[in-house]
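Summary of the model geometry
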Amino acid sequence: MKITAVLLLTACLQVSASGYSQNITLSVKDAPLEKVFGEVKKQTGYSFVYTRELLQYTTSVSLEVKNVPLEKVLENCFKGQPLTYVIEKKFIIIKPRPSLTTMLTVADSTLELHGLITDNNGLPLQGATVRLKGTDLFAITEKNGSFRLPVGRNGAVLTLVVSMIGYGTMEREVKTPSAALNFKLQLVQRQLDSVVVTALGITRQQRSLGYAYSEVKGEDLTKVRENNPVEGLSGRVAGLEVNTTNSGVGGSTKVTLRGVKTIGGDSQPLYVIDGIPIDNTTPGQADTYGGYDLGDGSSIINPDEIETISVLKGGAAAALYGSRAANGVILITTKKGSKKGTVVDYTSNAVFDRIQNSYDYQEQYGAGNSNLLPMDVATAIGDAQSSWGPKFNADSMSYIFNGTKEPYVNAHNSISHFFRTGVTLTNSIGVSTGDEKNQLRFTYTNLYNNDVVPMSGLKRNNASIRGTSQLSNKFSIDAKIAYLNEKVDNRPALSDNPNNVGYVLSGVAPNIDMNWLKKYKDPVTGDYINWNNNEYQVNPYWAINEQPNTSTKDQLNGFITLKYKILPTLSIQARSGTDYSGFHFREFMNYSTPFNQTGQLTLMDRTIRETNTELLLNFGKQVHKFWIGANAGANRMDYRGNIMNTTGRDISIPGVESISNFQTVLSNEAINRKRINSVYGALNLAYQNYLYLDLTARNDWSSTLAQGNNSFFYPSVSSSFIFSELIPKNKILSYGKLRGSFAQTGTDAISPYELKLTYGSDINIPTIGGYAIGGVAVTEVPYLKLKPSISNAYEFGTNLAFFDNRINLDLTWYKTNTKNQILDAPISTTSGYTTAIINSGNIENKGIEITLGLKPIVSSTFNWEINLNFARNRNKIIKLSPLVSSYYTLASARWANASIVAKEGERYGIIVGHDFLKDSAGNLILDANNLPQYDPTDKKLGNSQYDWTGGINNRFSYKNISFSFLLDFKQGGNIYSMTNLLAYSNGRQKGTLKGREGWVSSEKQRVAAGATAANWVATDGLPISGVNANGGKVNAYVNPQTYWQRVAGNIPAAFIYDASYIKVRQINLDYSLPASTIKNTPLKECTISLVARNPFILSKHVPNIDPESSYNNSNGQGFEYGSLPTRRSYGINLYLKF
Amino acid sequence: MIQVQKRVLPIVLLVMIVLASSCTKNFDSLNTDPTKGSSIAPGQQLTGAAYYLDGGRAVVYANFYVLQPFVQYMSGPWGMRAGSKYIRTTYPDAVWTTFYGQSIKQLVDLIQRNKADSSLVNYIAAARILKVYIFSLLTDLYGDIPYSQAGLGYYESIYTARYDSQQSIYTDFFSELDGAVKQFDATKDAIDNDIVYNGNIDRWKKLANSLRLRLAMRLTKVDLTTAAMQARAAIAGGLMESADDNFKMIHEAYAYPDLRGNGYAQALQESDTYLYSAGTTTFINYLKQNSDPRLPCYFVNQDANGKDITSLTNYIAISPGLYWWDNWGDFIAADGTDIPQANKFATINRSFMALQSSFLHMGYAEVQLLLAEAAYRGWASNAGQYYQNGVSAAIDQLSMYPGMVAISASDKANYLAAHPLDAGKEIQEINEQKWVALFPNGYEAYANYRRTGYPVLGAITDVGLESETNGVLPRRLFYPASEAYDNATNYNAALQNLGGTDNWLKPVWWDK
């Protein structure tokens, strides 16, 4: 495994040969070292690992040996060279020689140049080469970065060339040779030449990749922590969109790469940790009628363990992962043990969460109806969430739902007082140890969170251990086990759940003091106190105290890899890994809980096990100027998911939260099984170091598809051309690459059992009066001839670097067409079923991605870096199946009168529903009461997909201090805000203020005139204009309450908002203690950071809610309903390394 | 070594491919759901279909919040604005989705799967009758609906069913009912697990004929010839003969709002809706004017403690279209008792809130009243007797509600004596009595109103000017919005018969 580590640091060239002796016979004269290496290789089979740069300052050698041991030959070769070597199995790794004086070919002490070489952060660089131009004189820097170079000459023009692997080269004329000469070397943009991890864990030079590749370092995710590290990717990778539900603790995260490619079903990428796919399905999500976000499998990803996250967006990148990679792959590589002694990392992070108070409701009119105060307590109960009373008046007393009379004034402390300050504490320790042969790493992270919603919080422990060992020359082993234990208390209910506190709070009239609601149960009977006559809007204090829910999760994830080198050019690897999770959820509803008066206990037990076993052959050989690499592999994936849902109804003893305490217990079991067998192969060809071609092919056999259709093959081809290698070195273009790819990927049916009709008894009602209830057990029409869906993806792009990597540009254009999609398509209920399994359609995604890296200021003390990414995805539903309607409903909400649909010829995810009824000139057609009407034909009201997304990360560093902030943009999508709709309907929205006083005066006039509503023309109120049924112009006044209740009840068009936003996603200020300060302590590194997560929303267009609010992670985004406010976090992070 | 390489590589590759591809053999069993079966007993499926008719509150909302306020039985709660002020809501949609998605689905599957098995003809015949009943509720509410292609998602891959004209649906109804009655065969397997008639095929036949009479009578406005012919055939076939033949669903006193408890009772209990479900002036005044002994069975006035204060209020009714809080003010009784607004109106009798109460889909009382009308129209004889039988049976059938105040034999006799069928007012009296007898079945009361114009409904009072029809009673319901998406082509074709857009003021075919 050491080899890999070296590869990571250097752009490696490998010389292969096929002689297999330990002794060497050689005769060369003035031959370059490289030639000798080739000969040695040929005779011994040992490979040399080095960079070309390293050989730059070597001299040619002459050797005449016969049957001499390898070591002896090498000794001769390296004599007098600035190099040394280490033999590691069959590799000879060439390194710069650490000390300097012995290496001078000419030594004269009359003049000595000296100085310090550092990186751009001022940290000393050891092993940098300082060479006097035009001579063979050079020195290599010491551990503290210093060098001394005796040059022996004065008077002539002295030019020093300083270089180091991985860093740039600097040239400087030395004017006053006696002064200290300090050089600051720039780190070469790693992205361009680095070695990266690609599909199947194969490391590749980034330059050879024919597709866009993005990488995020683990350290970028650990300082400003999200409870789910995947959320930290938002704004960092072009074309990667993160959506979270606003559930708060332990919620799931939806990631979309390059747009939604499948109409229904799962659009999320596959997560692979160290080669082993994890199950990222969610145990449960809120739907139209409410529920909880029960999280997903990605919580096993511990940011403290992550070395890198590779984002494989396109088809070619992911083709080798097969069926499940159609939506891309998020490849996580975790850290390994140390090769040199023990290293301890410790991170401590304390963050405080506050709600981002975006409530902007009216505070002038309180509980009441039709401008009247409640007449008695009974009416006060009905009016607690109706802010249609008269204007506040400190002299008035009003009935309150709790039976008292209180001054009719603004309570001033309403909604936001419900929330508390949340705390998140994260402590993590990583211990790495080992030597050249064996390495071990242990990581433990503890997370403790109290959410802003009282009673709600999360506790999580992540532990992992990884060991790697080179057992013999040919045999190595790598094994890891990671464990997660998580407990989440009181996940907030979402959507239309009666105990969704976000929804209930946003309707409370402004004169209702939240403290009054704290008395939520009868002190004697313990029964719920009715406060609003609405069992679908439970008192939030009852919700958090008497309806507790808890979930626990244990997840175990591990693998073992054995590698055997059959030949120097051929190795075989066997890997087996399992992801296992056990999830338990329980939700208790005490006796007298509204909607479940007799109490209820809901239990869910879910265990998921997925095992992947793989055999992989790796071949690699250099033939003249060609490099030939090949892999062939086979994998078996076995999946089993068991879910047991149990419901207890009718509680016996109030307050006792056990299933044994319920009189009716119903259980429902689901067992899902699935297997995919695969074979695959890849061929990687490279010509010199600038032209690359990759070919891959894979065949899958899936158990979820119909016999005869369950075998499917798909290929990919990609190519990369580094054209900058062919043009002369110049100051403008430092690097240039063109790339292109085509890939086909196939997908099976995600769910099993979709081929045949099944029958069963009713899972909720076994019998009634002794009669059994049963029938067809499924709501989807199965499809006996189900075949795989196929995606074709094209991608072209370029990477360009200018002005010594001061400007880096990555451009990508892509197009993906997904055909024969396996859809669980919504069909007319009149068919007897709600959905049908079909192969359907053609959905197209095309777009561009731009990543731009800028370094406007580079100096020895102050640096400024900007990283910008931009992505624009356009999708279009080209065709749906003729068997189903041309509309595909993605989400529909009974309370919304609107749907999110995919429609032929349109973009994915348009919002459709009732619009205002208008004439051809656009005038509102008003009814006999001058109120607006809806158009019974649904219209397109908006689009839930964003036009473009982007992020800007700015980083400023001055000496040991760095400051960075990340901006996240999304532009052009729409959201249907039910929170605002309800606020209009119940008089809480500021927009309802218009016309209220006017209507009151008009009504006074009417009463004075003794007229009835029907024969009175309002003199003031909410002005409205339009035309009547006969087309005549109407300008009139209406009652704002009637108007808004009419619009809220029927016309969603009024509540479609622009969901665009600009957010400051994170800010951090880091201070690293200077090396000099910690020199005499055991500390190797110490960084203190001040961090802020989601501190500001710089721009948004929807009032009262965060435009990112969504209640589940389904594909039907665009509905918002009773959202909790966004949390903003501030805190401190301490990082120590020993 | 090169030899090794050449030999090993193809072998390993071959082994990989063989390993991967050979194991598709057990895919079939792997892809079979171990928790489900590949078939089910037809009786379970028949009961499964029947059970969704009135269990659970969602499917009842259409009747509760829309249809019964339409015919002015009750009004008052916020939700009833849908039916008392004519405001479009999604309440009725559950009828569509549940009837098609549960009941029709199971019945079509039962018939398709077992039609070739001659031993199961009794199940098939019962399923056909139930299917006609359910479709009749749907077509009477909506007009043209998917019928001939409905429920065939699996058997014929029809995912978007065509809408059939109501006229063609009615034609098929009569032929189906006729065919089903003829199909029953006592020598074949009895219907097991039959929640409707416990396997009694004679009762199924009587239901089929009674239903045929109801549907025949539906056509009196549009096609008197067919009406007469079908009514005569129905009568000849044999109708319900007593309350024992009633088509009703039994329920259990099960608090959780699932199918076990009567959905109507569940809707009343929800958020204390019953407290505000007040009898309208149209209904209560009719009962009062006729000194109907059923008034205290239907309604009651209670104070905040549940004490009966009817003697003080004498059943204060709510005007159609009003919310319970409209027309604000306490009621001061003759003895000076102040009855607060919240307790002012006569609300529904608590017997209707019993979760274990049955829901009557079609009963002997209605059949006798249908016969009375048939006799008046000359298709039978002795209208007056049938009328009296019907009223008498209607009074008797109230005993099916648990805890219902019993009506004494003398009160019943007095009422019957005072209410003979009056010459010249036959249609009005028969159908007003049917309206009273059907309470709280809004489906049939609304259909019967549209056909006969009885009872004469009061104009609604729309205090907040909220009515979306300006106070005009709708003649049908809007199709569920989901059809515009999930069945776009057929839905749009169906709208052509309504003038291009969905419109609830347009009458259905038999209401023209």
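What counts and how
- Residues numbered from 1 in each chain as written.
- Chains lettered and ligands numbered in written order.
- Predicted model: local features only at pLDDT ≥ 70, side-chain atom pairs only at ≥ 80, totals over all residues.
- Heavy atoms only, no water.
- Helix = DSSP H or I, 4+ residues; strand = E, 2+ residues; numbered from the N terminus.
- Buried < 20%, exposed > 50% of the residue type's maximum accessible area, 1.4 Å probe, protein only.
- Contact = heavy atoms within 4.5 Å.
- Areas by Shrake-Rupley, 256 points an atom, 1.4 Å probe, with all protein chains shown as cover.
- Lys, Arg positive; Asp, Glu negative; His and termini not counted.
- Charge placed at Lys NZ, Arg CZ, Asp CG, Glu CD.
- Pairing = 2+ DSSP bridges.
- Axes fitted to C-alpha atoms, helices over the stretch in contact; angles between N-to-C directions.
- Expected span 1.5 Å × (residues − 1).
- Buried area = accessible area lost by both parts, 1.4 Å probe.
- Salt bridge = Lys/Arg side-chain N within 4 Å of Asp/Glu carboxyl O.
- Polar contact = N/O pair within 3.5 Å; in protein donor to acceptor, adjacent residues only side chain to side chain.
- 1 Å grid on protein atoms, 1.4 Å probe; cavity = no way out; pocket = protein on both sides within 12 Å on 5 of 7 lines; lining within 4 Å.
- Points joined across faces, edges and corners; volume = space filled by probe spheres on them.
- Nonpolar A, V, L, I, M, F, W, Y, C, P; charged D, E, K, R; others polar.
- Phe/Tyr/Trp six-rings, centres within 6.5 Å; stacked < 30°, edge-to-face > 60°.
- pLDDT = per-residue confidence, 0-100.

Here we look at the overall build of chain B
Along chain B, the regular secondary structure elements total 21 helices and ten strands. Principal axes of the C-alpha set define a box for chain B whose edges measure 115 × 55 × 45 Å. Looking at chain B as a whole, 62% of its 512 residues are labelled buried. Within chain B, contacts between residues at least 6 apart in sequence are counted, and of these 75% link residues at least 24 apart. Surface exposure of chain B reaches about 17700 Å², of which carbon and sulfur atoms provide 51%. Considering chain B, the positive charge centre built from 41 side chains and the negative charge centre built from 49 side chains are found 6 Å apart.

A short note on the sheet that holds strand E53 (residues 974–977) of chain A
Residues and elements named next belong to chain A. Here we have three strands laid out as an open sheet, ordered E56-E53-E59, and mixed in their pairing. Every other strand in the sheet has two partners, leaving strand E56 (1056–1058) and strand E59 (1119–1120) as the edge strands with one partner each. Where E53 lies against E59, two bridges are found, and the strand directions are parallel. Each residue of the ladder has a partner; that of Ser 977, found in E59, is Glu 1120. Against the sheet, helix H12 (residues 978–985) contacts E53, E56 and E59, and its axis sits at roughly 40° relative to E53.

With respect to unusual backbone geometry
Note that the residue after B:Phe439, namely B:Pro440, is joined by a cis bond; omega there is 5°. Of note, B:Pro440 is situated in the loop between helix H18 (426–438) and helix H19 (442–452). In this structure, A:Asn820 takes a positive phi of about 55° despite not being glycine. Unlike most non-glycine residues, A:Lys959 shows phi in positive territory, near 50°.

Description of helix H10 (residues 224–237) of chain B
Residues and elements named next belong to chain B. With 14 residues, H10 should cover 20 Å at 1.5 Å per step; its first-to-last C-alpha distance of 20 Å lies within 8% of that length. Within the sequence span of H10, burial applies to Ala 227, Ala 228, Gln 230, Ala 231 and Ala 234. If you follow the buried residues of H10, they end up packed against helix H8 (166–183) and helix H9 (201–217). A positive phi of about 105° marks Gly 238, the residue just after H10.

Considerations on the interface of chain A and chain B
Between chain A and chain B, the contact holds 108 residues from the first and 92 residues from the second. Carbon and sulfur atoms supply 59% of the area buried between chain A and chain B, which totals about 8200 Å² over both sides. Per-residue buried area on chain A facing chain B is highest for A:Tyr759, A:Tyr771 and A:Thr830; these three make up 10% of the total on that side. There are two salt bridges connecting chain A and chain B. In this structure, A:Glu535 and B:Arg57 form a salt bridge, with 3.6 Å as the shortest nitrogen-oxygen distance. Inspection of the region where chain A meets chain B yields 29 residue pairs in polar contact (both at pLDDT 80 or more).

Side note on the side chain of A:Glu780
Secondary-structure assignment places A:Glu780 in strand E42 (residues 780–781). One buried charged residue, A:Glu780, remains without a salt bridge, the closest side chain of opposite sign being B:Lys105 at 7.8 Å. Every residue in contact with A:Glu780, bar those within four places of it in the chain, is listed here: A:Asp824, A:Tyr833, A:Thr835 and A:Ile837.

Some remarks on empty space enclosed by the protein
Residues and elements named next belong to chain A. Roughly 750 Å³ of internal volume is contained in the largest cavity. In terms of lining, the largest cavity is formed by 50 residues, of which the most central are Glu 226, Glu 231, Gly 248, Asn 1094 and Arg 1127. Contributions of two or more residues to the lining of the largest cavity are made by strand E17 (240–244), strand E23 (343–355), strand E26 (422–434), strand E28 (457–470), strand E57 (1061–1072), strand E58 (1085–1100) and strand E60 (1127–1137). Here the lining of the largest cavity is composed, by residue class, of twelve nonpolar, 22 polar and 16 charged. Reported here for the second largest cavity is a volume of approximately 250 Å³. Forming the boundary of the second largest cavity are 20 residues, of which Glu 241, Asn 243, Ser 944, Tyr 946 and Gln 1117 lie nearest the centre.

Section: the pattern of salt bridges
All names here are of chain A. One pass over the structure, following the stated rule, counts 64 salt bridges over all chains. Residue Arg 739 pairs with Asp 810 through a salt bridge whose shortest N-O separation is 2.4 Å. With Arg 739 in strand E37 (residues 733–747) and Asp 810 in strand E44 (residues 807–826), the pair connects residues that are 71 residues apart, well separated along the chain. Under the relative-accessibility criterion, Asp 810 is labelled buried at 8%. Note that Arg 955 is salt-bridged to Glu 865, the shortest N-O span being 3.9 Å. You can see Arg 955 sitting in strand E51 (residues 948–958) and its partner Glu 865 sitting in strand E46 (residues 862–879), a full 90 residues away along the chain.

Things to note about the packing of aromatic side chains
The final tally for this structure, using the stated rule, is 74 aromatic pairs over all chains. Ring geometry for A:Phe870 versus A:Trp948: centroids 5.3 Å apart, planes at 35°, classification tilted. Of this pair, A:Phe870 sits in strand E46 while A:Trp948 sits in strand E51; the two residues are 78 residues apart in sequence, bridging distant segments of the chain. Here A:Phe870 falls in the partly exposed class, since its relative accessible area comes to 22%. One aromatic cluster in this structure is built from B:Trp96, B:Tyr100, B:Phe135, B:Tyr142, B:Tyr147, B:Tyr163, B:Tyr170, B:Phe173, B:Phe174, B:Tyr479, B:Tyr491 and B:Trp509.

A few points about the confidence of the model for chain A
All names here are of chain A. Overall, the prediction assigns chain A a mean pLDDT of 86, with 94% of residues at 70 or greater. Low pLDDT, under 50, characterises residues 1–19; the stretch is placed with 58 contacts to residues that sit more than four places away or in other chains. Throughout residues 99–109 the model reports pLDDT below 50, and contacts reaching past four residues in sequence, or to other chains, amount to 18 contacts.

Remarks on the environment of A:Lys970
Residue and element names in this part refer to chain A. Tracing the backbone shows Lys 970 in strand E52 (residues 961–971). Sequence spacing of Lys 970 and Glu 1108 is 138 residues, and the spatial spacing of their C-alpha atoms is 9.6 Å. When near neighbours in sequence (up to four residues on either side) are disregarded, Lys 970 contacts Glu 241, Val 242, Asn 243, Tyr 946, Trp 948, Thr 949, Ser 1060, Tyr 1061 and Glu 1108. Here Val 242 takes part through its backbone oxygen, which lies 3.1 Å from a polar atom of the side chain of Lys 970.

Considering the sheet that holds strand E11 (residues 158–163) of chain A
Residues and elements named next belong to chain A. A sheet is described by the order of its strands in space; here four strands give the open sequence E9-E8-E11-E12, paired in antiparallel fashion. At either end of the open sheet lies a strand with only one pairing partner, and these are strand E9 (138–140) and strand E12 (169–174). Between one strand and the next, the sheet's axes are offset by a mean angle of 20°, whatever the strand orientation. Taken together, the three bridges between strand E8 (residues 129–132) and E9 define a ladder with antiparallel strand orientation. Its bridge partner lying in E9, Thr 129 is registered against Ile 140.

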